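Spelled out from the first residue to the last, the chains are:
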Amino acid sequence: MEDLSKCVHCGLCVNACPTYAITGLEVESPRGRIHLARSIEEGRIPLTPAVQTHWELCLQCRACEAVCPSGVPYGRIMEHARAQLDAGAPAGRSGRRLRKLLLRQVVARPRVLSGVLAPVRLYANSPVRGLVRRTGLLRLLGRMGMAEMQLPKCIGTPVRPGKGLAKPESAATTAILFTGCVMGELFGEVHRATARVLARSGVTAEATAGQGCCGALHAHDGDIDFARTLARKNIDALGGGDEPIVVNSAGCGAAMKEYGELLSGDATYRDTAKAFAARVQDVTEFLAQLAPLPGGVFPHRVAYQDACHLAHAQRIRTQPRALLGALQGCELVETAGADMCCGAAGIYSIVQPAMSEALRARKAEQFARHRPDVIATANPGCQMQYNAATREAGIPARVMHVVEVIDEAQRAAGL
Ligand code: SF4
Ligand code: SF4
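Residues numbered from 1 in each chain as written. Chains lettered and ligands numbered in written order. Predicted model: local features only at pLDDT ≥ 70, side-chain atom pairs only at ≥ 80, totals over all residues. Heavy atoms only, no water.

### Here we look at the overall build of the protein chain
Heads up, the condition is: A helix here means a DSSP run of H or I that spans at least four residues, while a strand means a run of E at least two residues long, and both kinds are numbered starting from the N terminus. We compute the radius of gyration over the C-alpha atoms and compare it with the globule rule, which gives 2.2 Å times the number of residues raised to the power 0.38. Computed with the Shrake-Rupley method and a 1.4 Å probe, the accessible areas treat only the protein chains shown as cover for residues. Positive charges are assigned to Lys and Arg, negative charges to Asp and Glu, while His and the chain termini are left out of the count. Note on charges: their place is set at NZ of Lys, CZ of Arg, CG of Asp or CD of Glu.
Along the protein chain, the regular secondary structure elements total 24 helices and 8 strands. In terms of overall size, the protein chain behaves like a compact globule, its C-alpha atoms giving a radius of gyration of 21 Å where 415 residues would be expected to give roughly 22 Å. Counting only C-alpha atoms and orienting by the principal axes, one finds that the protein chain spans roughly 65 × 55 × 40 Å. In the form shown here, the protein chain has an accessible surface area of approximately 17,600 Å², with 56% of it arising from carbon and sulfur atoms. Seen as two clouds, the 48 positive and the 38 negative side-chain charges of the protein chain have centres 5 Å apart.

### Side note on the sheet that holds strand E6 (residues 331-332)
What counts is decided by this rule: The pairing criterion is simple: DSSP has to find at least two bridges between the two strands.
Taken together, 4 strands build an open sheet; the order of strands is E6-E5-E7-E8 and the sheet is parallel. The open sheet has two edge strands, E6 and strand E8 (398-401), and neither has a second partner.

### Description of unusual backbone geometry
Here is the rule: Burial classification: accessible surface area is computed with a 1.4 Å probe over protein chains only, and a residue below 20% of its type maximum counts as buried, one above 50% as exposed, and the rest as partly exposed.
For the bond from Ala-291 to Pro-292, the omega torsion is 5°, close enough to zero to count as cis. Backbone geometry at His-9 places phi at a positive 60°, although glycine is not the residue there. Examined against the element boundaries, His-9 turns out to sit in the loop between helix H1 (2-5) and helix H2 (18-23). A relative accessible area of 38% places His-9 in the partly exposed class. Notably, Arg-62 is not glycine yet its phi reads approximately 70°, a positive angle. By secondary structure assignment, the location of Arg-62 is in the loop between helix H4 (49-56) and helix H5 (63-67). Note on Arg-62: relative accessible area 8%, which makes it buried.

### Looking at the sheet that holds strand E3 (residues 245-247)
Rules: Structural elements are reduced to axes, namely lines fitted to C-alpha atoms, with helices fitted over the stretch in contact, and the angle between N-to-C directions of any two is expressed from 0 to 180 degrees. Note on contacts: a residue pair is in contact if any heavy atoms of the two residues lie within 4.5 Å.
The 4 strands are arranged E2-E1-E3-E4 in an open sheet whose pairing can be described as parallel. Bordering the open sheet on either side are strand E2 (203-206) and strand E4 (280-282), each of which pairs with just one other strand. Across the sheet, the axes of successive neighbouring strands diverge by a mean angle of 40°, strand direction being ignored. Packing against the sheet, helix H12 (residues 188-200) makes contact with strand E1 (173-177) and E2, and its axis sits at approximately 155° to E2. In the packing of helix H15 (residues 250-257) onto the sheet, the strands contacted are E3 and E4, and the crossing angle to E4 comes to about 155°.

### Remarks on the site of ligand 2
Note the following rule: Each residue is tested against the molecule or strand, and it is near if at least one of its non-hydrogen atoms lies within 4 Å. Definitions used for this entry: grid spacing 1 Å over protein atoms alone; cavity, a set of points where a 1.4 Å probe fits but cannot get out; pocket, an open set with protein on both sides within 12 Å along at least 5 of 7 lines; lining residue, one with an atom within 4 Å of a point. Placement in a cavity or pocket follows one criterion, namely that more than half of the molecule's atoms lie within 2 Å of its grid points. Under the grouping applied here, Gly and all other residues not named as nonpolar or charged are polar, the nonpolar ones being Ala, Val, Leu, Ile, Met, Phe, Trp, Tyr, Cys and Pro and the charged ones Asp, Glu, Lys and Arg.
Lining the immediate environment of ligand 2, one finds 13 residues, of which Cys-17, Arg-33, Cys-58, Cys-61 and Cys-64 sit closest. Here ligand 2 is seated within the second largest cavity. Elements supplying a minimum of two residues to the shell around ligand 2: H2, helix H3 (30-41) and H5. When its residues are assigned to classes, the shell around ligand 2 shows 9 nonpolar, 2 polar and 2 charged.

### Details of the site of ligand 1
The full set close to ligand 1 counts 13 residues, and Cys-7, Cys-10, Gly-11, Cys-13 and Cys-68 are the nearest of them. Of the residues belonging to the shell around ligand 1, the class tally is 9 nonpolar, 3 polar and 1 charged.

### Focus on the packing of H3 against H4
The geometry of a pair of packed helices is captured by two quantities: the angle between their axes and the separation between those axes. The cut-off we apply is this: If an angle is under 35 degrees, it is roughly parallel; if it is over 145, roughly antiparallel; if it lies from 65 to 115, roughly perpendicular; otherwise it is oblique. By definition, turning the near helix anticlockwise from the far helix through less than a right angle yields a left-handed crossing, and turning it clockwise yields a right-handed one.
In contact at an axis separation of 10 Å, H3 and H4 are set at 140° when each is read in the N-to-C sense. Between H3 and H4, the interaxial angle falls into the category oblique. Relative to H4, the crossing made by H3 is left-handed. Side by side, H3 and H4 meet where Arg-33, Leu-36, Ala-37 and Ile-40 of the first sit next to Val-51, His-54 and Trp-55 of the second. Split into classes, the residues belonging to the contact of H3 with H4 amount to 5 nonpolar, 1 polar and 1 charged.

### Things to note about the packing of aromatic side chains
Rules: A pair of Phe, Tyr and Trp rings is counted when the ring centres sit within 6.5 Å of each other, with Trp represented by its six-membered ring. The angle between the planes then sorts it: under 30 degrees is stacked, over 60 is edge-to-face, the rest tilted. Lysine and arginine charges are scored as sitting over a ring when NZ or CZ, respectively, is within 6 Å of the ring centre and within 35 degrees of the ring normal.
Scanning the entire structure with this criterion turns up 2 aromatic pairs. Considering the side-chain rings of Tyr-259 and Phe-276, the 5.3 Å spacing of their centres and the 25° angle between planes classify their relative orientation as stacked. With Tyr-259 in helix H16 (residues 259-262) and Phe-276 in helix H17 (residues 270-279), this pair connects stretches of sequence that are 17 residues apart. Summarising the burial analysis for this pair, Tyr-259 and Phe-276 share the class buried. A ring pair is formed by Phe-367 and Tyr-386, whose centres lie 5.5 Å apart and whose planes are at 75°; its orientation type is edge-to-face. Here the residue Phe-367 occupies a position in helix H22 (residues 353-370), and Tyr-386 occupies one in helix H23 (residues 380-393), the gap between them amounting to 19 residues. Using a relative accessible area of 1% as the deciding quantity, one classes Phe-367 as buried. Looking at Tyr-386, the relative accessible area reads 1%, which means it is buried. The side chain of Arg-232 reaches across the aromatic face of Tyr-269, ending 5.8 Å from its centre.

### So, helix H14 (residues 224-238)
For the record, the criterion: For a helix, the expected span equals 1.5 Å multiplied by the residue count minus one.
Here H14 contains 15 residues, and its C-alpha end-to-end distance of 21 Å stays within 8% of the 21 Å for a straight helix at 1.5 Å per residue. Every buried residue of H14 is listed here: Ile-224, Phe-226, Ala-227, Leu-230, Ala-231, Asn-234, Ile-235 and Leu-238.

Below you can see the structure in the form of C-alpha cells.
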C-alpha cells in the first residue's frame, strides 16, 4: 500500500509505456494499472477478469519506473499484483497453474531444462531446419512458428556451472560468470565470448558450480516465494567470496541486484543477500571499468537496442554504447525507440503474442529504415525477439550480444 500511495497520478510515465503506445488506453498505462491496484487494495472494486487482463498485458519492462519523479517502485507493485492473481485469478486459473508448474519444474531444474531443450538444439543445428523454413510452414504454426523464428541461427554447446572456460595467460583477477538457465543452454556462445573477452583483459571467468536460475521469471509471474528459494540457492553457491559476479543477461542481472530487497524479510539471509547483490555487475558495466579494452576492429553499422532490464531496471545505457563506439570502424546507429521494449519480456511473447508482435513490428520498421549490419543487445530474450523480427521482415542484419561483437572485433584485430 505504501508503494501504491507514492503515485501522484502526474502521468509522466504514460508516454514511456509500450502498451500505452500501442493501445492508447489509460488502463494499459502504468498510471492506470496502479490506479486499479489501489482501487482493489482499498476495496472499491473487485479483482475482475478485466483487471487481470490489464495487469497481464504489462511487460514489466519498468520504463515507467525509470521516468517516475516520485520513485514509484512499479516493478515491485506489479510482482505483488501478479501474486494476487496467483492467490485468486478470476480467469485462466489452469493456464496460470500450468505456467507456474513449467517455471518451477522445468526452468528452475537444470537437468529437466537441459533434457527439454536438447531436441530443440538438435533441430536448430540440423539441415531439417532449412527445409522447414523453405516450406513456409512456420507462418502457419502460430506461436510455435514464432518460437522457431526466435531461435539462434545455430546453438553451440551449453555452458553449465562447474565447466571450464577460456582463461587468460596470466590472471590478475577472477570473476564469477553467472550461467543462468536458458542462457546457459541456448546461448553458450555468449558465455564463451564473455570468457574470451574477459581473458584478454586478464580476468578469469569461473562458472562456479551450484548456481542456478536467478528467479526473475518466477518473480515476474508473481511466484515470489519460489523466486526467494532460487535466490537463496544462488547465495549459498556464490555468496562465500568477494569476487564480482558478472552477468550477461540483463533480466538475470536486474533480479540478482535486487536479492537484498527480495530477502529483506529473511533474518538468516538478509545481510548476505545485500552483500551478494552489491557484487553483481552486468558484463558491460564490468567491462567499461576495465576499458580501454585491448584492440577491436569492427567496420560495421551497429544498432544498439537497450534491454529494458539493463536500461530501466539497472540504469545502464552509456557503457554498452561506449564499448561498441570504441571499436575501430564501428558506426553506432541510433534508432527511434531503441530503449522501448521489443516485446520479448521473458515468457511474454508466448503468453501475449499479439502485443509482442506489435512491438516487434515497431522494431522491424526501424531496422528496415536504418539498415544496420548488426543489431546488438545485452539480453537473450531480446536477441531471440530480434532474430524473429529480422527473419519476419527479411532484414539481413546479424543479431549479436554486445560481448559477441567485442569478441569478434578483438579476433579481427588478431587477439
Ligand atoms: S507512476 Fe510516477 S510518473 Fe506515473 S503517474 Fe504515478 S507518480 Fe506519475
Ligand atoms: S512496466 Fe512497462 S508495460 Fe508495464 S506499465 Fe510500466 S512501462 Fe508499461
